[in-house]
Amino acid sequence: MARGVGAHEHGSGILMTKKNALGAAVTAAEGEILERTNHMSKLARRTRAAGARPGTIAADRRVAIIDEPESRDSIHYSDDAPIASYVSPVAAFTEEELETMPLVVVDSTTSRVQVWRGPDGTWYRRGSWLRIQPRPDGEGSQFKILLCKGANLDDLEGMLQVVKRTRAGHREQRWEKRGTDWATWADDRTFTFAFHSRPYADPYTHVDRSPDVVACTEPLCSARWHESWDVHQLDRTEVEMAGAAYEVRVTRSIDAVESPWAVEVHITDFIGTPGQVAALVSDLQWMQEACKRANEPVAADPVPTVADSRTGPENAAPIDWASSPAAGAVA
Ligand SMILES: [Zn+2]
């Protein structure tokens, strides 16, 4: 199995002086990534994007592209020949802790999507970071996915697959163990996922049709993240009866901050009995009330808006992998 070559800088004894935006010291390798990304200034990205073939990845000014091939050891992984300096976090937790570990998704304020070339010229893309770290309430640990600026659904799903496998107890040596020397908030069960780049297409000739994703920061919404066309969802019911089907939900635009919650009703060919009509009317009234309450101004306690602080029971529930993140209604 081919493995990335080049300087391996994850061992002990590395002076970690750089800090990322979250106050965490970064490894030399991560520092290199951040530094090179930062070197690609806004102007450079815009100039490149303007000159690129329209519609290609290179035409997306949010994406940083590193053209010169570089060596990173965290691109190839083999169960048969794991790299010694990487670990699996599985042994640090009980089965139950892993299965029920909450997941939070946040937008990174500093990192942007990076497309770069491996030593053999293969293109790679990194659009998200993944960590296991202490929860803000001190009650155990949580998975945390950070979405880079310009991240898309494929970037997110790659990390969700890692979360899923880790929850199931798969011991993959693809993580780095961290501690308080890395970040003040870290503990001895803090891990960062190192193999976050995935093989990618030539950004100058290819189109990426995966939709953009952003983390949800709306406290009343039942979703953790949204695709660009999505809406926040407060509540939803879908009813199918003989001859009559409807869906009612309370939603809000993810783009316009000031847009109020509204009731969305979808009815097709409703030929209902009085009882079915009563069910529909009852659901409409329920949603009307939910919508009204959600739009009432909050006077006293400010509603937490940082997704980080969402450690309530909704995040403690195991992810429903089969359905879209927005599909579940708030209980
Ligand atoms: Zn939302």
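Presented here is a report on the structure given in the accompanying data block. Note that the structure is a prediction, hence the values are computed from the model and not measured.

Here is what the cut-offs are and how they apply
- Residues numbered from 1 in each chain as written.
- Predicted model: local features only at pLDDT ≥ 70, side-chain atom pairs only at ≥ 80, totals over all residues.
- Pairing = 2+ DSSP bridges.
- Helix = DSSP H or I, 4+ residues; strand = E, 2+ residues; numbered from the N terminus.
- Axes fitted to C-alpha atoms, helices over the stretch in contact; angles between N-to-C directions.
- Core = buried A, V, L, I, M, F, W, Y, C linked by C-beta atoms within 7 Å.
- Buried ≥ 20, exposed ≤ 12 C-beta atoms within 10 Å, placed from the backbone.
- Domains from an automatic or database assignment.
- Contact = placed C-beta atoms within 7 Å.
- Expected span 1.5 Å × (residues − 1).

## Things to note about the sheet that holds strand β12 (residues 231-241)
- As summarised here, the arrangement of the 3 strands in space is β12-β13-β14, forming an open sheet in which the pairing is antiparallel. Both outer strands of the open sheet, β12 and β14 (262-268), are each paired with one neighbouring strand and no more. Direction aside, neighbouring strands of the sheet carry axes that sit 15° apart on average.
- Sheet topology places β12 next to strand β13 (residues 244-253); 10 bridges connect them, and they run antiparallel.

## Focus on the sheet that holds strand β3 (residues 114-117)
- A sheet is described by the order of its strands in space; here 4 strands give the open sequence β1-β3-β4-β9, paired in mixed fashion. Where the open sheet ends on each side, the last strands, each with one partner, are β1 (64-66) and β9 (198-200). The mean inter-strand angle of the sheet, taken between neighbouring strand axes irrespective of direction, is 30°.
- Across 3 bridges, the pairing between strand β4 (residues 123-126) and β9 is antiparallel.

## Remarks on the nonpolar core
- By size, the foremost hydrophobic cluster in this structure holds 47 residues, and its most contacted members are V105, I145, L147 and L156.
- Two domains share this core, each providing at least three of its residues, namely domain 1 (28-213) and domain 2 (219-298 + 305-310).
- Not counting residues up to four positions away in its chain, the partners in contact with L147 are V105, D107, S108, S128, D155, L156, V213, V214 and A215.

## Some points on the environment of C221
- Note on placement: C221 falls in the loop between β10 (213-215) and β11 (225-227).
- Here the alpha-carbon distance between C221 and D235, two residues 14 residues apart in the chain, equals 8.2 Å.
- When sequence neighbours within four positions are dropped, the list of residues in contact with C221 reads C216, H232, Q233 and L234.

## Looking at the pairing of strand β6 (residues 141-149)
- Among the 9 residues in β6, 8 count as buried, and that is most of the element.
- As paired strands, strand β2 (residues 103-112) and β6 are joined by 6 bridges and run parallel to one another. Among the inter-strand pairings, D107 is bridged to a residue of β6, identified as L147.
- The sheet contact formed by strand β5 (residues 128-134) and β6 spans 7 bridges and is antiparallel. Opposite S128, over in β6, you have L147 as the bridge partner.
- Where β5 hands over to β6, the hairpin turn is made up of 6 residues, of which G138 adopts a positive phi near 75°.

## Topic: helix α4 (residues 153-167)
- Over its 15 residues, α4 extends 21 Å from the first C-alpha to the last, a length consistent with the 21 Å expected when each residue adds 1.5 Å.
- Burial in α4 covers these residues: D155, L156, G158, M159, L160, V162, V163, T166 and R167.
- Following α4 by one or two positions, G169 has its phi on the positive side, about 90°.

Read these as geometric descriptors, not functional statements.
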